[in-house]
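Next come the chains, spelled out residue by residue.
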Amino acid sequence: MKQRSPNIGKGFVALIVVWLGARGLATAAPTASAWSLLPQPARARLAGSRVLKIADGARVAVRGADREQVQSIADRFVQLVTGTRGLHLNAAGAGDAGSAIIFAVDPQASVVGDAGYRIVIGAQGIRVTARSPRGVFYGGVTLWQLLTPPGWTHGSAATIAEGVIDDHPRFAWRALLLDSGRHFQSVAEIEKLIDWMALGKLNVLLWHLTEDQGWRLQIPKYPALTKTGACREAVGLDIELTGAAGKPYCGFYTEAEVRDIVRYAAARFVTVVPGIDLPGHSQAAVATYPWLGVTGKRPAVWTDWGVSPWLLKPDEKTLQFVDDVLDEVMRLFPSRYISIGGDEADKQQWNASPEVRARMRRLGLANMDQLQGWFTQQVADYLVKHGRTPVGWDDELLAGATLPTSETVMSWHGGDDGRLALQAIRQGHDVALTPQESLYFDHYQSELPDEWPGQPPEVTLQQAYDTAVIPDSATAAEANHVIGVQACLWTELMPTFARDQRALFPRIAVLSELGWSPASAHDWGGFLQRLPAELARYRALGIGYADTAFAPASQVTAGSKGTLRVAFSNQTNFGTIHYTTDGSAPTVASPQYVRPLEFSTQNKTVLRAATFAPDGFELAGPRRQVLDGSTLFSRDGSELAACSGQPGMRVGGGRPARGPRPVYELDIGDMCWLWPRAPLEGVKRVTLTVERVAWRYGDEAPGATVRPKAGAAGELEIRAESCKGPLLATLPLTRAARAKGQTKLDATVSPPQGDGVHNLCIFATGDPREGQWALARVAFSK
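Being a predicted model, the structure only gives us computed values, none of them experimental.

> Would you explain the environment of Asp395 in this entry?
Summarising the element assignment, Asp395 is placed in helix H12 (residues 395–398). Overall, Asp395 belongs to the buried group, its relative accessible area being 12%. Residues Asp395 and Asp343, 52 residues apart in the sequence, show an inter-C-alpha distance of 5.4 Å. Non-local contacts of Asp395, meaning those with residues more than four positions away in its chain, are made with Gly342, Asp343, Glu344, Trp412 and His413. In this structure the side chain of Asp395 is engaged in a polar contact, spanning 2.7 Å, whose partner is the side chain of Trp412.

This is the structure:
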């Protein structure tokens, strides 16, 4: 694969020589025979059976040219090793012949490209060679991973097998998109994310700064953009973030803050690419300056999610505004690339405007998609005139239109074996693959009841890993136009940095390997074997990652002679599940799960299970299941199917006084659930736990299902066999409508005729757009 450079930094030649002095180095008989590195290097060769032992006292020095920049890389490496591994490496002074770690310049280093490096581990120490500080940095990241192998203990000496690593990236664009428009992250949080990205050898942060829900970038010529456009009414969970319903949700980045972030990222070889979405996703801009829109009216900064129809007006005055904004963007961001969006432009206002239709005709255009193409062309030409490269989404290709020839395309419609990506390539575009089906990390990661909020459908760790980064039918020449791979974190359902971390990690490790490692190294089984060490590094860094790929999932069914049969599995089929039955936390010494378990329904059993790696590392924390005679008669709401058959969105509920925040699986616009083959023999009562969540789904409104209601607040109905079948119970929602948080509703059940096993339909009456009911749990009792 030819590497295409996005020109994201000047390179110079450097050499790192790492060797350890008497206090920091020793050779020993092998205690480790392999390296656990992620992403997998281009080439790694073990050399014999000896290992190198590195302990406290190894010294670090810098030699040769460009010492100031290389010294800063060395200093951060030392801090990283100390902060995570607990080894204290000592800085050596100039001329210190006994230095343990030496950085020097070698213009003739035999490595591949600006980001390539070589590591040689031998009896004399560890030698990392690179042509540039970028390669030095990436070699240092790999060296840090060598110092944190599987099973490492904080503060103890590190043991590394001898050998040689020759490495360089597969792609030059290894990107993560962060949406700061819908929910805002602090400067400190973004810088922390940049640190973590760099440790995964990612090198592009595409910073999405403008949205319908907020304009986040200070533009001095248009001060109202951050006075008006950066604030929206607090709705739903935003109220918890602001502290009061009457306090708006606000946030923007000053020029000084942006410059700080750009500098911080550059020091870690991450380029910040600004994202200014045009002409759609612009309601916050139109809310600030109504003349930017088509209707002349001033909308509110949007509080809903989805696709807004408030597009920028395609005229000269708007284009002058865009040029002014881009002038400021180019002053703040040195990146060659600037993203100008182009996605999800709902043209209903354009179609309804006589003025816009007249402009379309004057330009000789056949439809509004071509008009968007004309508008985008003007913006792209302005960027090209100023030496920048526009980046945009593939939506107009899907609509049959064309994109500016200068534009690099982010292809997020990944179906049909990358058809749109290939179409863009054949039109002469470079392409970054970012398929929503596998690399949109705001999608939830599992179907477990305790899965965190996220968009549907599920994107598992393996689905992400199986992403095809080159379209199957691409020729070698066409494949050279794929400059890289990108994951996206859209933040409608990510109001906090804790949520961001949970959504990104560990799937970001997949992104690292897709972007860096050669195609020949792609191996799901090998990735899983290397992941536990990476998870241990996450813990040392303080990253709140998701463990759901390894979490024990339990399936409880009726066993023999009145027992409950419990079968465990996990999503990846990796690791060993251990369990306890007394409520204590499982350890590797606890019983190992090997076959389904059976428990009496006459007793209450608190079953807890956790998953462990071969070295004893806890891959997934304990999951708890209470087993007794009522177990088969209750279901978590997320275990029920949607009546529509569509995957639901996982949405957070209100914060309770105690315990974790509930998460609900909602079919947006349809408050209806199915429980196939529910056991109802002998049941007399039912308890439903419910909560009303705010409606924030603007573009879903036309498809909402409204059911007639008898009372002002509506009711929950339970029916047998179908949603129009016999009525088993009615539960008025009056009390729940007045409550904050969850409410338990009880009712008498009129059992249907039959053998006691029935298909159930449970639905709420009323209009979900007035507040959608979430079903937390269904429990029948005798």
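> Can you help me understand the sheet that holds strand S32 (residues 672–679) in this one?
In space, the 5 strands of this open sheet follow the order S29-S32-S37-S34-S35, with antiparallel pairing throughout. Lying at the two open borders of the sheet, with one neighbouring strand each, are strand S29 (641–642) and strand S35 (727–732). Relative to S35, strand S34 (residues 715–720) runs antiparallel, the two being bridged by 5 bridges. Bridge pairing links Ile718 to Ala729 in S35.

> Teacher, can you tell me more about the environment of Arg719 here?
Counting through the fold element by element, Arg719 comes out in strand S34. For Arg719, a relative accessible area of 19% translates into the label buried. Along the sequence, Arg719 and Thr581 sit 138 residues apart, while their C-alpha atoms lie 36 Å from each other. Not counting residues within four places of it along the chain, the set of residues in contact with Arg719 comprises Lys724, Gly725, Pro726, Leu727, Leu728, Asn759, Leu760, Cys761 and Phe763. In this structure the side chain of Arg719 is engaged in a polar contact, spanning 3.0 Å, whose partner is the side chain of Glu717.

> In this structure, what is going on with the side chain of Gln486? I would like to understand it.
Relative to the assigned elements, Gln486 resides in strand S21 (residues 482–489). Relative accessible area serves as the criterion here: at 0%, Gln486 is assigned to the buried category. Engagement of the side chain of Gln486 in a polar contact is seen with the side chain of Trp173, the distance being 3.2 Å. Residue contacts for Gln486: discarding those within four places in its chain leaves Trp173, Ala175, Leu177, Leu206, Trp393, Met410, Leu433, Thr434, Leu439 and Leu511.

> What am I meant to see in the sheet that holds strand S28 (residues 634–636) here?
One key point about sheets: their strands pair by backbone hydrogen bonds, in either a parallel or an antiparallel sense. Ordered by their spatial adjacency, 4 strands build an open sheet running S28-S38-S33-S36, and the pairing between neighbours is antiparallel. The sheet is open, and its two edges are formed by S28 and strand S36 (743–748), each paired on a single side. The average angle at which neighbouring strand axes cross in this sheet is 25°, direction not considered. Pairing of strand S33 (residues 685–693) with S36, which is carried by 6 bridges, proceeds in the antiparallel orientation. Directly across from Val690, in S36, lies its bridge partner Thr743.

> Can you walk me through the packing of aromatic side chains in this structure?
Geometry of an aromatic ring pair is reported as the spacing of the ring centres plus the angle between the planes. On inspection of all chains with the given rule, the structure shows 26 aromatic pairs. On the basis of an interplanar angle of 50° and a centroid distance of 5.5 Å, the ring pair of Phe137 and Phe269 is categorised as tilted. Placement of Phe137 in helix H2 (residues 133–146) and of Phe269 in the loop between helix H6 (255–266) and strand S16 (271–278) is noted, with a sequence separation of 132 residues between them. One exposure class covers both Phe137 and Phe269, and it is buried. Relative to Tyr593, the ring of Phe568 lies with its centre 5.4 Å away and its plane at 85°, an arrangement referred to as edge-to-face. Remark: Tyr593 occurs in the loop between strand S24 (576–580) and strand S25 (597–600) and Phe568 occurs in strand S23 (residues 563–569); sequence separation between them is 25 residues. One exposure class covers both Phe568 and Tyr593, and it is buried. An aromatic cluster of three or more residues is present, and its members are Trp196, Phe497, Phe505, Tyr538 and Tyr545. In this structure, Arg268 is placed above the aromatic ring of Tyr264, and the distance from its NZ or CZ to the ring centre is 3.6 Å. Over the ring of Trp291 we find Lys317, and its NZ or CZ is 4.5 Å from the ring centre.

About the thresholds
Residues numbered from 1 in each chain as written. Predicted model: local features only at pLDDT ≥ 70, side-chain atom pairs only at ≥ 80, totals over all residues. Heavy atoms only, no water. Helix = DSSP H or I, 4+ residues; strand = E, 2+ residues; numbered from the N terminus. Buried < 20%, exposed > 50% of the residue type's maximum accessible area, 1.4 Å probe, protein only. Contact = heavy atoms within 4.5 Å. Polar contact = N/O pair within 3.5 Å; in protein donor to acceptor, adjacent residues only side chain to side chain. Pairing = 2+ DSSP bridges. Axes fitted to C-alpha atoms, helices over the stretch in contact; angles between N-to-C directions. Phe/Tyr/Trp six-rings, centres within 6.5 Å; stacked < 30°, edge-to-face > 60°. Lys NZ or Arg CZ within 6 Å of the ring centre and 35° of its normal.

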